[in-house]
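In case you want the letters, here they are:
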Amino acid sequence: MASQKMSNWRPKASKRKGLLVEEVRGEVLVYNLKGHRVHCLNDPAARIWNLCDGRRTLKQIAEGLESDLDPATRELVVRNAVAQFSRLGLVAANDEAPADMSRRELARKIGIGAAATVALPLIISIIAPTPAHAATNIANGNPCTLSADCQSGCCCANATLRNTCQANAGVCSGAGCKTS
Amino acid sequence: MQKINRLVWAEGACFESYGVRIGIRVSQPGAIERLVPFLPPQWKTIEPPRELDALYSWVVGGDRRSNVRTFDILYRGVGRIARTLKPEELFEIFEAKLRITVALLSRRFVFIHAAAVGWRGKAVIMPGRSFTGKSTLVEALVRAGAEYFSDEYAVLDKNGRVHPFAKPISVRAPVTLKQEPLGVKDIGGTTAEHPMRVGAILATRYRERAKSRFREASPGQGMLDLVANAVAARWAPSRVLTATRKASVGAIVLRGSRGEAREAAERLLAILERA
């Protein structure tokens, strides 16, 4: 029954107001303003995503792709990619969608070597940095001169942890965090 | 704001850097001159505009009477950002905060936390946070003949070209790890004067005893590396995406760990020569 529902699923790419989309030489970058996640879809993933128009089934999307893979394998690849899209909010969510496999698991399942995985869909995701995070990113335990340098906002002044970023003022006891 | 405005300000000035309009006011005559060395690159004095992007106010401390010292206090807008008995600490904070302000608020440019050099007429951008070894690698590249753009920000215009942000290279002192300025001319290098198109993006970090190995990646991954280090990524995502796409589209993208800076610089330049 679940398999039937999946077969009838017509995924629709979420190209709504909260997403910014840029294409660069066949790849697609999607910035989700809600949550500030940025996703890079490689060429195979981008082509599948662009075919998610809300009218095509998974099978029809697979048929629409140019690929050396046999039809059944192609559909498996598409199914996995679309499950990923659903998890990441890149298509309208489907609760029936199975958990997506990693690329390595998928390659093993369809019996292709490491070199051939470059032809499989790939999505790399990051969280967009905050301004302070992008500019100074001194993590706890690293040397510092100013509290403003630290991610935590605390450059310790006490004798033991002097001039290292610490999680907070509680960890940096005694003399405490530098006041500047 | 009214509270701060009630203080007596001895002098003030306005300047612009990368299109960002900054005001400074100080409580002591002549104090503004002491702040000039800490202004960001490409600054120029302007007439007071109708609206400022940021206002910094310095209540100058020092010895008032023989046994009394007062704090130096620095405000950005209404918020206090420094209170110290050591003016040099205040200058450090002023410089750091001002750079982030310019990087964040510039409407004409997109600032990427990255090192950048020029090689054979094209820019090489090395995005990365603090402590990834950017300054050391930049020093090695400049010594090898690359033109210096910056060891802190790659400044992209709306067409994806890189502009200089030429502050002195910040080299970390071996024991304290405190940053010390190193002049580009002092190491026989030259500073870029004009913007350049991006020829390469290298995402790397120093690993002790590693051999430098750079593998090629896609333009999309290069763009992602730039966005991951864009100061205004959340502030102006649309502008950031446009500029980083234009920067990445024609660039070679390389990724991988690097070892010693000189070896890494040689390897990188050899790759660029073959491209």
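All values derive from a computational prediction rather than experimental measurement.

Caption draft 1: Up close: the overall build of chain A. Check the secondary structure of chain A and you find 6 helices and 4 strands. From first element to last, N terminus to C terminus, chain A shows the α and β order α-β-β-β-α-α-α-α-β-α. Scored against the burial criterion, the 180 residues of chain A give a buried share of 38%. A separation of at least 24 residues holds for 41% of the contacts in chain A among residues at least 6 apart in sequence.

Caption draft 2: Fine view of the nonpolar core. Residues and elements named next belong to chain B. Judged by nonpolar contacts, the single largest core of 105 residues is most densely connected at Ile125 and Val227. No other element matches helix α3 (residues 87–105), which puts 8 residues into this core. Those residues in contact with Ile125 that lie beyond four places of it in its chain are Ile112, Ala114, Ala116, Ala154, Val162, Val198 and Ile201.

Caption draft 3: Region of interest: helix α6 (residues 237–248) of chain B. Under the 1.5 Å per step criterion, the end-to-end length of α6(B) is 16 Å for 12 residues, consistent within 8% with the ideal 16 Å. Those residues of α6(B) lying buried are Val240(B), Leu241(B), Ala243(B), Thr244(B), Arg245(B), Lys246(B), Ala247(B) and Ser248(B).

Caption draft 4: Structural context of the sheet that holds strand β2 (residues 27–32) of chain A. Residues and elements named next belong to chain A. Spatially, β1-β2-β3-β4 is the arrangement adopted by the 4 strands of the open sheet, whose pairing is antiparallel. Looking along the sheet, the strands with just one partner apiece sit at the ends: β1 (19–24) and β4 (123–127). Averaged over all pairs of adjacent strands, the angle between their axes in this sheet comes to 15°, without regard to strand direction. Pairing of β1 with β2 involves 6 bridges; the strand directions are antiparallel. Bridge pairing links Glu22 to Leu29 in β2.

Caption draft 5: Region of the structure containing the domain arrangement of chain B. All names here are of chain B. Under the domain assignment used here, chain B contains domain 1 (2–105) and domain 2 (110–274). Spacing between the C-alpha centres of domain 1 and domain 2 amounts to 30 Å. Its residues assigned to classes, the side of domain 1 that touches domain 2 comprises 5 nonpolar, no polar and no charged.

Caption draft 6: Spotlight on the sheet that holds strand β8 (residues 79–84) of chain B. Residue and element names in this part refer to chain B. Judged by pairing direction, the sheet is mixed, and its 6 strands sit side by side in the order β3-β1-β2-β4-β7-β8 without closing on themselves. Only two strands of the sheet have a single neighbouring strand rather than two, namely β3 (44–45) and β8. Of the strand pairs in this sheet, strand β4 (residues 54–59) and strand β7 (residues 72–76) are connected by 4 bridges, and their pairing is antiparallel. Within the sheet, the bridge partner assigned to Val59 lies in β7 and is Ile73. Helix-sheet contacts for α3 involve β1 (11–17), β2 (20–26), β4, β7 and β8, and the interaxial angle to β8 is about 155°.

Conventions used here
Residues numbered from 1 in each chain as written. Chains lettered and ligands numbered in written order. Predicted model: local features only at pLDDT ≥ 70, side-chain atom pairs only at ≥ 80, totals over all residues. Helix = DSSP H or I, 4+ residues; strand = E, 2+ residues; numbered from the N terminus. Buried ≥ 20, exposed ≤ 12 C-beta atoms within 10 Å, placed from the backbone. Contact = placed C-beta atoms within 7 Å. Core = buried A, V, L, I, M, F, W, Y, C linked by C-beta atoms within 7 Å. Expected span 1.5 Å × (residues − 1). Pairing = 2+ DSSP bridges. Axes fitted to C-alpha atoms, helices over the stretch in contact; angles between N-to-C directions. Domains from an automatic or database assignment. Nonpolar A, V, L, I, M, F, W, Y, C, P; charged D, E, K, R; others polar.

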